[in-house]
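# Structural overview
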Amino acid sequence: MPIQLIVVYRVLGILFLVLAVLALVEKYRTVRGATLLPGRILTCRKADRTNPRNGAGGYRYLVEIHVNSQRLELETNDSFWFNHDRQKNKSVLVWYNPDRPVLERKSIGTELLALAMAAIAVGLLVIH
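The paragraphs below set out a description of the structure included in this document. Per chain, residue numbering runs from 1 following the sequence as it is written. Local features are withheld for residues below a pLDDT of 70 in this predicted model, meaning they are given only at 70 or higher, and side-chain atom pairs are given and counted only at 80 or more; totals for whole chains, interfaces and linings count all residues. Remark: hydrogens and water are excluded; side-chain values derive from all non-hydrogen atoms of the structure.

## Structural notes on unusual backbone geometry
Even without being glycine, Ser69 reaches a positive phi, approximately 65 degrees. Helix numbers and strand numbers start at the N terminus; a helix is a DSSP run of H or I with at least 4 residues, a strand a run of E with at least 2. As for its position among the elements, Ser69 is in the loop between strand E2 (59-67) and strand E3 (70-75). One non-glycine residue, Asn89, lies in the positive phi region at around 70 degrees. You can see Asn89 is positioned in the loop between E3 and strand E4 (91-96).

This is the structure we're talking about:
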């Protein structure tokens, strides 16, 4: 195999490993010190209304939670391609951290994505 192609595979492998680690770090920054609370999905709306980054797209859930006898409406950190209004009024478990502007839904999706990226990375790194 040409050396240039091996270098490209190694760089891609390292990139995928870094992305896997960053995905886990971001999730656990939100979850560390957070409280697991039940919530109710109020709606699914465009993220560009509330995201400070220009050009932000996708949809997020707006979730109602109750903390210390106060009702809060916060967005999840999801990013859906399409509107998921079918989920309206469904119950979800969310991690609430008062230091973070968004909620994290309780799921293993991030861990599974990180595992898949790490597997791809290892596959690219062992190609000879």
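## A closer look at the side chain of Glu104
Relative to the assigned elements, Glu104 resides in strand E5 (residues 104-105). Of the buried charged residues, Glu104 lacks a salt bridge, with Lys27 as the closest side chain of opposite charge at 4.2 Å. Residue contacts for Glu104: discarding those within four places in its chain leaves Lys27, Thr30, Val31, Asn77, Leu93, Val94, Trp95 and Thr110. Note on exposure labels: buried denotes an accessible area under 20% of the residue type's maximum, exposed denotes more than 50%, and partly exposed covers the range between, all computed with a 1.4 Å probe on protein chains only. When charges are counted, Lys and Arg contribute as positive and Asp and Glu as negative, whereas His and the chain ends are disregarded. Any Lys or Arg side-chain nitrogen located within 4 Å of an Asp or Glu carboxyl oxygen qualifies as a salt bridge. Throughout, a contact is declared for two residues whenever any of their heavy atoms are within 4.5 Å.

## Re the packing of helix H1 (residues 3-31) against helix H2 (residues 109-125)
Simply put, an axis is a line fit to the C-alpha atoms, just over the touching stretch for a helix, and the angle between two N-to-C directions goes from 0 to 180 degrees. Relative orientation of the contacting elements H1 and H2 amounts to 160 degrees, with a least axis distance of 8 Å. When the axis of H1 is compared with that of H2, the two are roughly antiparallel. By crossing handedness, the relation of H1 to H2 is classed as left-handed. Each residue gets one label: Ala, Val, Leu, Ile, Met, Phe, Trp, Tyr, Cys and Pro are nonpolar, Asp, Glu, Lys and Arg are charged, and the others, such as Gly, are polar. Broken down by class, the residue content of the contact of H1 with H2 amounts to 17 nonpolar, two polar and three charged. With respect to orientation, any angle under 35 degrees is reported as roughly parallel, any angle over 145 as roughly antiparallel, any angle of 65 to 115 as roughly perpendicular, and every other angle as oblique. It is the rotation of the near helix from the far one that decides the hand of a crossing: anticlockwise by less than a right angle makes it left-handed, clockwise makes it right-handed.

## Observations concerning H1
One less than the residue count of a helix, multiplied by 1.5 Å, gives the span that helix is expected to have. Compared with an ideal rise of 1.5 Å per residue, which puts 29 residues at 42 Å, H1 spans 42 Å between its outermost C-alpha atoms and is within 8% of the ideal. Taken as a whole, H1 has its buried residues at Ile6, Gly13, Ala20, Ala23, Lys27, Thr30 and Val31. Residues of H1 that are buried sit in contact with E4, E5 and H2.

## Some points on the sheet that holds strand E1 (residues 35-46)
For two strands to be treated as a pair, DSSP must find no fewer than two bridges joining them. Strands sit in the order E3-E2-E1-E4-E5 across an open sheet of five strands; the sheet is antiparallel. A strand with exactly one partner marks an edge of an open sheet, and here the two such strands are E3 and E5. Sheet analysis places E1 next to E2, joined by six bridges and oriented antiparallel. Paired with Arg45 across the strands is Arg60, a residue of E2.

## Considering the nonpolar core
In these notes, a set of buried Ala, Val, Leu, Ile, Met, Phe, Trp, Tyr and Cys residues joined through side-chain atoms within 4.5 Å is what counts as a nonpolar core. Grouped together as the largest cluster of nonpolar side chains are 13 residues, with contacts concentrated most on Tyr61, Val63, Ile65, Val94, Tyr96 and Leu103. Every element with two or more residues in this core is listed here: E1, E2 and E4. Among the elements that make up this core, the one with the highest residue count is E2 (five residues).

Purely geometric numbers; function is a separate question.
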